[in-house]
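Each chain is listed here by its residues.
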Amino acid sequence: MSLNQLIDSRDVRFTLFEMLELEKLNRFEAFKDFDRSVYEDTLELAEKIAIQQFYPTNAEGDKTGLKFDPKTGEVKVPESFKKGFNAYIESGFHSLALPQQMGGMGLPSSISMACAEYFNAGNTALTMYCGSITGALAIIAPFANKELYDMVVPKLLEGKWGGTMCLTEPGAGSDVGALKTKAVKQADGTYLITGSKIFISNGEHDMNENIIHPVLARIEGDPEGTKGISIFVVPKVLINKDGSLGARNDMICSGIEHKMGLKGNATSSLNFGDNGKCIGYLLGKERQGMQIMFHLMNAARIHTGVQALGCSSAAYLHAVTYARNRVQSALITNPKGGPVAIINHPDVKRMLLYMKSNVEGMSMLCLFLAYHEDIMHASKDPEEVKKATGIVEILTPIVKAGISDASWLVTAEAMQVYGGYGFCQEYPVEQYARDTKVFSIYEGTNAIQSLDLVMRKILMNPEMYNYSQLREWMNGTIAKAKGVVDDKYVNPVVEGLAKLDEMIEMMKKQLGEMKILLLLNNATPFQQAMYPLILAWLHLWSLTITTPKAKALLGDAKGPDRAKIIAENTEAAYYSGRVLSSQFYIGAEFPKFYGRLACIMNNEGAALKVESDNFTGALKE
């Protein structure tokens, strides 16, 4: 564990071991062989690879980008990516949390997610190539028949083959049910696939000798819409019966996108069956495509939140280091004292606390969800599994949408700390802002996540079970905080929860009255209100731990005495810093929740009444 430019390693340990008490997972058979030392070694290795081999390639990947050959359809990634990619695979991070019976290491998702924070902060574009293997394994291994499993899974486990997720098509976009890709069954049980997919991350590259594409398509004659969709495994290079690689399959990359960010990752357009010879293998059963793909889509949505967290964390830590070293202007309270480092100026402190409190909240939220994924998969108690599943279900759209929305603001604030230099490519933070923007767009836009949260995860969830489980955790934190944390920081969370309940009751009534358009209109504002409430709760939970520990280390020291202790004692600096960032979030950021709430409770219908022609001044075409 060391100081670095990417992730506060001490903070990762705080959330994992002091808040979540991760070692208690050892009560499950799946995790009984792991202890704190194994977790520490894994985190330290992830940190080392991220710092030494991922981060140094981040700017280069952004500047040099990819090389696409339109004649062959081949894509070459920045050469520097390959060393980090190989180190990741050789260390087994692509199978870290996969069950041991599948050939993985079987570590908790909580540890895997914490490692992913490091890698995404180091180089998100590179991490996407690595993570594609994990995704392919997670979707293929549980649903493949033995022949397909033996053909594909071992090479994925070795990390020799990569993967994708092929959903989006031209003209269909988020409306997956409108896809046109077709599958025709052959006498040998394989299918001929024809169609096009766009915006496919990792769609073509030279990091692996083969790429395995899970492709959504409609079998000829099957019904329209999502219910008629099946899923197929389509290898880039055909696989011989002895496991060796054969001829190139009839599929090709027709182009890569020229993007605002993530320029080192190949977002590809893929054509299947231009010559009528693209071979695919049915995964699972016919018309089971969406059901199977959702296993990967939900994991991808959660990981999108982790990607946004990684970019936010790196931007924040870079901004802190810059502010400590950039000398400009005297303090307003000591105008004759000469210029000081800008970290001493009040507004810069405010910006840094804004970023710090948000990043800490993002990390707590991600790891809290991962912890419940671990319980969901490891517990043999049906009731415990049900409760953990409820938490994972309700938090998945919030992790994806809430964190990706917030990351755009955090990275922008990091640029602001740099001033004019933050807008220049010679400095690193503007890349983090460009890289993070797409996270609110892909893997289901944040509007889709908000609709999912309001309708499926809360209002239409039987007896609102998911919300009741989250509410139980929040009530438990409030009870624990009383008498430990100043009421000034407890009461806003209590009042916020009451207001959220009031808002949900209003929306339940609207659903009963079939005011569906009004609910859809308020879905995104609802998600944007619920997210800061959840972060305020997590910060309150943090305060129940950090407040007494900071008090024990600092006592009643004030002014220069307090500053001296903080300067000389890293633990005192850490705990008092966590206290301040949590107080800042609850006291200065969370009150914005009430403004968002008022917007929803007003039930303003202007957006439902406006017509296309009301947007005057814009061209018709």
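Here the structure is shown first, and the text comes after it.
Description of the layout of surface pockets
Of the volumes computed, that of the second largest pocket is approximately 1,500 Å³. Taken together, 33 residues line the second largest pocket, and the ones lying closest to its centre are Y316, V320, R324, K356 and A573. Mapped onto the lining of the second largest pocket, the elements with two or more residues apiece are α1 (9–19), α6 (289–325), α7 (346–378), α14 (559–568) and α15 (570–589). Among the elements that take part in the lining of the second largest pocket, α15 stands out by supplying eight residues, more than any other. Here the residues of the lining of the second largest pocket are counted per class, giving 15 nonpolar, ten polar and eight charged.

Quick word on the nonpolar core
Ranked by size, the top nonpolar core spans 194 residues in total, and within it I140, L365, L395, F526 and M530 carry the most contacts. Of the residues forming this core, the biggest block, 19 residues, is contributed by α6.

Some points on the pairing of strand β11 (residues 267–272)
Of all six residues that make up β11, six are buried, and the element is covered over most of its length. Residues T267, S269 and N271 point to one face of β11 and S268, L270 and F272 to the other, with burial holding for every one of them. Relative to β11, strand β5 (residues 191–201) runs antiparallel, the two being bridged by five bridges. Paired with S196 across the two strands is N271, which belongs to β11. Bridge count between strand β10 (residues 251–256) and β11: five bridges; the pairing is antiparallel. Bridge pairing in β11 links G255 to S269.

As for the environment of L331
For L331, the position within the fold is in the loop between α6 and α7. C-alpha of L331 to C-alpha of I342: the two residues are eleven residues apart in sequence and 9.1 Å apart in space. Excluding residues that lie within four positions of it along the chain, L331 makes contacts with G338, V340, N344 and H345.

Some thoughts on the packing of aromatic side chains
Throughout the structure, instances matching the rule amount to 23 aromatic pairs. Taking the centre distance of 6.5 Å and the plane angle of 20 degrees together, the rings of F17 and Y39 count as stacked. Pair noted here: F17 is in helix α1 and Y39 is in helix α2 (residues 36–64), with a separation of 22 residues, a long-range link. Its relative accessible area of 8% is what places F17 among the buried residues.

Describing the side chain of Q288
As for its position among the elements, Q288 is in the loop between β12 (279–282) and α6. Classification of Q288 by relative accessible area gives buried; the value is 17%. Not counting residues up to four positions away in its chain, the partners in contact with Q288 are I229 and S230.

What counts, and where the lines are drawn
- Residues numbered from 1 in each chain as written.
- Predicted model: local features only at pLDDT ≥ 70, side-chain atom pairs only at ≥ 80, totals over all residues.
- Heavy atoms only, no water.
- 1 Å grid on protein atoms, 1.4 Å probe; cavity = no way out; pocket = protein on both sides within 12 Å on 5 of 7 lines; lining within 4 Å.
- Points joined across faces, edges and corners; volume = space filled by probe spheres on them.
- Helix = DSSP H or I, 4+ residues; strand = E, 2+ residues; numbered from the N terminus.
- Nonpolar A, V, L, I, M, F, W, Y, C, P; charged D, E, K, R; others polar.
- Core = buried A, V, L, I, M, F, W, Y, C linked by side-chain atoms within 4.5 Å.
- Buried < 20%, exposed > 50% of the residue type's maximum accessible area, 1.4 Å probe, protein only.
- Pairing = 2+ DSSP bridges.
- Contact = heavy atoms within 4.5 Å.
- Phe/Tyr/Trp six-rings, centres within 6.5 Å; stacked < 30°, edge-to-face > 60°.

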